[in-house]
Amino acid sequence: EISACLVGSEMCIRDREDIMQISTLDKLPLNKEAIVLKLTTPNPLRRRLLDLGLVQNTSIKSLYVSPSGDPKAFEFRGTLIAIRNEDAKTIQIKF
């Protein structure tokens, strides 16, 4: 059985015993892993991310945060890449 709820501006989906939070990549806590749901990033950055393998259902992990908090470093498919918060807001994830 699947049910959904809205907590503030975040959507949660309950699937059996697991609770998945749907959010954007900029809100992924440090050292947490998530699954990419959708990229709404404008070109040419969208093309670059797709070329690197950041596609739907890709596992991505937040690893580092710069001293100023922006950008953050993420690891996916053996690649470590820094993404600005402005751009991370355009990547929908579940975790």
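You'll find the structure just up there.
These numbers come from a predicted model, not from an experiment.

Some points on the overall build of the chain
Along the chain, the regular secondary structure elements total two helices and eight strands. Going residue by residue from the N terminus, the α and β elements of the chain occur as β-β-β-β-α-β-β-β-α-β. Taking all 95 residues of the chain together, the buried fraction comes to 33%. At a minimum sequence separation of 6, the contacts of the chain that also span at least 24 residues come to 50%. With an accessible surface of roughly 6100 Å², the chain has 50% of that area assigned to carbon and sulfur atoms.

A few points about the environment of lysine 27
Inspection of the secondary structure puts lysine 27 in the loop between strand S3 (18-24) and strand S4 (33-39). Here lysine 27 falls in the partly exposed class, since its relative accessible area comes to 43%. When the C-alpha positions of lysine 27 and lysine 89 are compared, they lie 8.0 Å apart, and in sequence the two are 62 residues distant.

Regarding the pattern of salt bridges
For the structure on display, the rule yields two salt bridges. Note that aspartate 87 and arginine 84 form a salt bridge whose closest N and O atoms lie 2.9 Å from each other.

Regarding the side chain of threonine 90
Note on placement: threonine 90 falls in the loop between helix H2 (85-88) and strand S8 (91-94). Threonine 90 sits in the buried class, given a relative accessible area of 17%. Looking at threonine 90, its side chain comes within polar contact range of the side chain of threonine 41, at 2.7 Å. In contact with threonine 90, not counting residues within four places along its chain, are Lys38, Leu39, Thr40 and Thr41.

A word on unusual backbone geometry
Cis peptide bonds are those with omega within 30 degrees of zero, and the linkage from asparagine 43 to proline 44 qualifies with 0°. Topologically, proline 44 is positioned in the loop between S4 and helix H1 (45-52). Omega for the peptide link from aspartate 70 to proline 71 comes to 10°, which places this bond in the cis form. Relative to the elements of secondary structure, proline 71 occurs in the loop between strand S5 (59-65) and strand S6 (72-76). Even without glycine at this site, asparagine 31 takes up a positive phi of about 65°. By the secondary structure assignment, asparagine 31 is in the loop between S3 and S4. Positive phi is not limited to glycine here, since asparagine 57 has a value of about 75°. If you trace the backbone, asparagine 57 turns up in the loop between H1 and S5.

Cut-offs and rules
Residues numbered from 1 in each chain as written. Predicted model: local features only at pLDDT ≥ 70, side-chain atom pairs only at ≥ 80, totals over all residues. Heavy atoms only, no water. Helix = DSSP H or I, 4+ residues; strand = E, 2+ residues; numbered from the N terminus. Buried < 20%, exposed > 50% of the residue type's maximum accessible area, 1.4 Å probe, protein only. Contact = heavy atoms within 4.5 Å. Areas by Shrake-Rupley, 256 points an atom, 1.4 Å probe, with all protein chains shown as cover. Salt bridge = Lys/Arg side-chain N within 4 Å of Asp/Glu carboxyl O. Polar contact = N/O pair within 3.5 Å; in protein donor to acceptor, adjacent residues only side chain to side chain.

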